[in-house]
Amino acid sequence: MNEASARQVLLVRSLESTDGASPHWNAADADWASRAATEVVGEDASGERFLARRAQLALERLGDRDRQFRNLTTAGRWRTWTGALLVAAGFALGILMDAAGPSRYVNILAFPLLGLIAWNLLTYALLLAHSLAAPFRAGRRRPGALSRTVARLGGALAESPLDDKASAALRFRSEWARASLPLTAWRVARVLHLAAAAFALGAIAALYIRGLVLQFQAGWESTFLSAGQVHQALSLLLGPASALTGIAIPDALQLEGLRLPEHTGTGAAPWIHLYAASLLIFVVLPRLVLALISSLAARRLENHFPLPLGDAYFQHLQRAFSGQAARVHVVPYSYTLSPQSALHLQEALGRAFGPRSQLSLAPPVGYGGEDALPSSIVPTGAPTLVLALFSLSATPEDENHGRFAEALAKALPAGTPVAALVNEAAFQSRFGQQPERLEERRKAWTRLLDARRMDPLFADLEGGTPATLAEGLSALLDRHARHGGSL
């Protein structure tokens with residue numbers, strides 16, 4: 001799925017996931033879009049192709065009825081002219097930079113271009129550190145102020161806090177901002193690298209333009225450094241440029257003759273050439289390479305957009321297209337699910353994942369049996385969702401309930417959506433009139449499961465409503481899709 005298709009899919013998702021989003025779209029329209037897309041792509045097509053075609057057909061029909069949604073199809077689209085504008089601005093600022101210094105004497109130890117080189121070397125070090133730390137970083141790294149500014153100029157949308165009353169337009173903008181963040185980051189990186197290279201080229205151009213009409217003298221002065229130490233430092237810094245240009249770096253004796261104010265210095269042309277070449281080596285070329293890497297990464301995401309399709313909405317559409325049923329596998333721990341609770345759960349599954357949803361119950365794992373889980377707890381095939389079932393009446397214990405949650409997650413194939421369902425029925429019957437005790441027990445279970453990166457869903461499987469439980473189950477699957485496999 002490419003970027004344009006992903007944008008359309010998310011827009012239709014926002015429309016169909018928001019109650020009363022548009023008076024021009026109803027359940028009959030949604031069914032028509034699904035049937036028409038199936039006819040166009042064929043029953044053997046992939047789920048992604050079906051979703052992309054369905055969204056395209058839906059927006060074509062809706063575009064003739066609702067101008068608001070027709071306009072939203074371009075929301076968040078990257079403004080390609082932003083990069084050219086910022087690169088041109090970088091070059092112009094480079095030309096305005098006083099690269100030689102405020103006077104006609106060029107101090108070869110305090111050349112303003114040295115600061116530009118040092119800044120870029122520091123940037124490379126920070127980029128390398130960020131890349132090495134990325135696999136160990138929890139959560140998303142917040143972009144810096146400059147990156148956010150460039151992203152806004154480029155047309156990227158900002159995430160917005162959502163609630164149940166959020167409009168479809170606001171929901172789409174927030175979800176597209178979240179989904180397109182990796183692509184936006186690569187685009188911003190490409191612009192910043194090209195702008196940095198353009199700034200360096202502008203500084204070089206300004207240096208040579210001023211050198212055409214002004215005579216610059218080069219020398220050096222220092223309170224602490226000797227001529228020999230200066231020679232060592234310049235050989236290290238300007239050595240690559242010297243090898244590239246063939247301009248030799250003066251030895252210690254020659255540098256002593258350039259010391260200010262005892263001497264008047266010498267013509268600055270060789271030093272200007274050396275520093276300009278160093279700028280090309282340390283700034284322009286690396287920045288162009290980084291811009292190329294960013295451009296290739298952005299192009300890959302544009303053509304293969306990683307839209308998470310594991311949430312309840314997408315799963316429902318793909319199951320309807322493929323004819324497969326949702327399968328939810330429940331593994332009770334030190335708890336036996338009553339027939340009434342099982343029926344309640346089955347009804348909720350039908351509401352959440354469709355009437356053909358299948359519920360499978362593993363034999364309960366006994367208290368203390370978490371160290372040797374039976375093979376029967378692992379479902380066959382690929383389940384839509386696996387639930388570890390607990391009773392709120394039990395006091396959560398790390399060495400038992402916590403270890404069971406960890407063992408269950410490890411026993412399942414990688415990427416399997418797994419969460420905890422905590423039945424409140426028995427606890428509610430005893431302490432329903434004491435809300436503080438209910439809240440205290442919920443917090444205890446939440447702390448235990450949060451430590452295992454497993455979200456709990458609290459529900460009364462006997463006195464609650466299937467609709468409420470269905471919403472909770474859908475939310476669990478949505479979180480799994482949003483966080484890339486971690487509930």
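In this text the structure is predicted, and so the values were computed from the model without any measurement. (Residues numbered from 1 in each chain as written. Predicted model: local features only at pLDDT ≥ 70, side-chain atom pairs only at ≥ 80, totals over all residues. Heavy atoms only, no water.)

## Some thoughts on the overall build of the protein chain
Right, on to step 1. Counting its secondary structure elements, the protein chain contains 18 helices and eight strands.
Right, on to step 2. Dimensions of the protein chain, computed from the C-alpha atoms along their principal axes, are close to 100 × 60 × 45 Å.
Right, on to step 3. The proportion of buried residues among the 487 residues of the protein chain is 45%.
Right, on to step 4. Partitioning the contacts of the protein chain with sequence separation of at least 6, the portion at a separation of at least 24 is 81%.
Right, on to step 5. Where the 46 positive side-chain charges of the protein chain centre and where its 40 negative ones centre are 6 Å apart. (Helix = DSSP H or I, 4+ residues; strand = E, 2+ residues; numbered from the N terminus. Buried < 20%, exposed > 50% of the residue type's maximum accessible area, 1.4 Å probe, protein only. Contact = heavy atoms within 4.5 Å. Lys, Arg positive; Asp, Glu negative; His and termini not counted. Charge placed at Lys NZ, Arg CZ, Asp CG, Glu CD.)

## So, the environment of leucine 201
Right, on to step 1. Its location among the elements puts leucine 201 in helix H9 (residues 181–213).
Right, on to step 2. Here the alpha-carbon distance between leucine 201 and leucine 280, two residues 79 residues apart in the chain, equals 7.9 Å.
Right, on to step 3. In contact with leucine 201, other than residues within four places in its own chain, are Phe91, Leu280 and Val284.

## Brief notes about helix H17 (residues 435–450)
Right, on to step 1. Between the first and last C-alpha of H17 there are 22 Å, a value that for 16 residues agrees with the 22 Å anticipated at 1.5 Å per step.
Right, on to step 2. Buried residues along H17 sit against strand S6 (385–391), helix H15 (398–411), strand S7 (418–423), helix H16 (425–431) and strand S8 (456–459). (Expected span 1.5 Å × (residues − 1).)

## Some thoughts on a nonpolar patch on the surface
Right, on to step 1. A surface patch of nonpolar side chains, amounting to about 290 Å² of accessible area, comprises Phe91, Ile95, Leu201 and Leu280.
Right, on to step 2. Structurally, the position occupied by leucine 280 is in helix H12 (residues 269–303). (Patch = residues over 30% accessible without salt bridge, like charges linked within 9 Å, V, L, I, M, F, W, Y side chains within 5 Å. Areas by Shrake-Rupley, 256 points an atom, 1.4 Å probe, with all protein chains shown as cover. Salt bridge = Lys/Arg side-chain N within 4 Å of Asp/Glu carboxyl O.)

## Considerations on the pattern of salt bridges
Right, on to step 1. Scanning the entire structure with this criterion turns up 14 salt bridges.
Right, on to step 2. Among the ionic pairs, arginine 452 bridges to aspartate 398, the shortest N-O distance being 3.0 Å. Taken together, the positions of arginine 452 in the loop between H17 and S8 and aspartate 398 in helix H15 put the pair 54 residues apart, joining distant regions of the chain.
Right, on to step 3. Among the salt bridges present, the one from arginine 479 reaches aspartate 455, with a minimum N-O distance of 2.8 Å.

## A short note on the packing of aromatic side chains
Within a pair of aromatic rings, the relevant descriptors are the distance that separates the centres and the angle that separates the planes.
Right, on to step 1. Inspection of the entire model under this criterion finds nine aromatic pairs.
Right, on to step 2. On the numbers, 6.4 Å between centres and 45 degrees between planes, the contact of tyrosine 333 with tyrosine 367 is tilted. Taken together, the residues span a long stretch of sequence, with tyrosine 333 in the loop between strand S4 (327–332) and helix H14 (339–353) and tyrosine 367 in the loop between strand S5 (358–361) and S6 at a distance of 34 residues.
Right, on to step 3. Between the aromatic rings of phenylalanine 427 and phenylalanine 431, the centroid separation amounts to 4.9 Å while the plane-to-plane angle is 45 degrees, which identifies the pairing as tilted. Of the two residues, phenylalanine 427 and phenylalanine 431 are both situated in helix H16; the distance of four residues between them amounts to about one turn of the helix. (Phe/Tyr/Trp six-rings, centres within 6.5 Å; stacked < 30°, edge-to-face > 60°.)

## Here we look at the environment of isoleucine 108
Right, on to step 1. Along the chain, the position of isoleucine 108 falls in the loop between strand S1 (105–107) and helix H6 (112–133).
Right, on to step 2. Among residues more than four places away in sequence, those in contact with isoleucine 108 are Leu114, Ala218, Gly219, Trp220, Leu234, Leu255, Trp271 and Tyr275.

## With respect to the sheet that holds strand S2 (residues 217–219)
Right, on to step 1. Here we have three strands laid out as an open sheet, ordered S1-S2-S3, and mixed in their pairing. Edge strands, defined here as strands with exactly one partner in the open sheet, are S1 and strand S3 (266–267).
Right, on to step 2. As paired elements, S2 and S3 share two bridges and run antiparallel to each other. Residue glutamine 217 lies in a different strand from S3, and its bridge partner there is glycine 267. (Pairing = 2+ DSSP bridges.)

## A few points about the pairing of S4
Right, on to step 1. With five of six residues buried, S4 is to be regarded as a mostly interior element.
Right, on to step 2. Pairing of S4 with S5 involves four bridges; the strand directions are parallel. Residue pairing across strands places arginine 327 opposite glutamine 358, the latter belonging to S5.
Right, on to step 3. Crossover S4 to S5 through H14 is right-handed.
Right, on to step 4. Pairing geometry for S4 and S6, over five bridges, is parallel. Paired with valine 328 across the strands is leucine 385, a residue of S6. (Right-handed = clockwise from strand over helix to strand, strands pointing away.)

## Some remarks on the packing of helix H7 (residues 145–153) against H9
Right, on to step 1. Running from N to C, H7 and H9 cross one another at 100 degrees; their axes reach a closest spacing of 9 Å. One way to sum up the angle between H7 and H9 is to call them roughly perpendicular. Residue-level inspection shows Leu146, Ser147, Val150 and Ala151 of H7 in contact with H9, the latter providing Thr184, Val188, Val191 and Leu192.
Right, on to step 2. In terms of residue class, the contact of H7 with H9 is made up of six nonpolar, two polar and no charged. (Axes fitted to C-alpha atoms, helices over the stretch in contact; angles between N-to-C directions. Parallel < 35°, antiparallel > 145°, perpendicular 65-115°, else oblique. Nonpolar A, V, L, I, M, F, W, Y, C, P; charged D, E, K, R; others polar.)

## Overview of the nonpolar core
Right, on to step 1. By size, the foremost hydrophobic cluster in this structure holds 42 residues, and its most contacted members are Leu307 and Phe314.
Right, on to step 2. Of all the secondary-structure elements, those providing two or more residues to this core are helix H1 (3–17), helix H2 (27–41), helix H3 (47–63), helix H4 (67–72), helix H8 (168–179), H12 and helix H13 (312–322).
Right, on to step 3. If one sorts the elements of this core by residue count, H3 sits on top with eight residues.
Right, on to step 4. With residues up to four places along the chain from it excluded, the contact list for leucine 307 reads Met1, Ala6, Val9, Leu10, Ala179 and Phe314.
Right, on to step 5. Residues Leu207, Val230, Leu238 and Ile272 belong to the second largest nonpolar core, which totals 33 residues. (Core = buried A, V, L, I, M, F, W, Y, C linked by side-chain atoms within 4.5 Å.)

## Things to note about the sheet that holds S6
Right, on to step 1. Reading across the sheet, the five strands line up as S5-S4-S6-S7-S8 and stay open at both edges, with parallel pairing between neighbours. For this open sheet the edge positions go to S5 and S8, each flanked by a neighbour on one side alone. Along the sheet, successive strands turn relative to each other by an average axial angle of 25 degrees, direction set aside.
Right, on to step 2. H14 rests against S4, S5 and S7 of the sheet, and its axis sits at about 145 degrees to S5.

## Let's talk about unusual backbone geometry
When glycine is set aside, most residues are seen to have a negative phi, and most peptide bonds are trans.
Right, on to step 1. Residue proline 261 is bonded to the preceding leucine 260 through a cis peptide linkage, with omega at 5 degrees.
Right, on to step 2. As for its position among the elements, proline 261 is in the loop between helix H11 (252–256) and S3.
Right, on to step 3. Phi angles above zero are rare outside glycine, and serine 334 is one such case at about 50 degrees.
Right, on to step 4. Its location among the elements puts serine 334 in the loop between S4 and H14.

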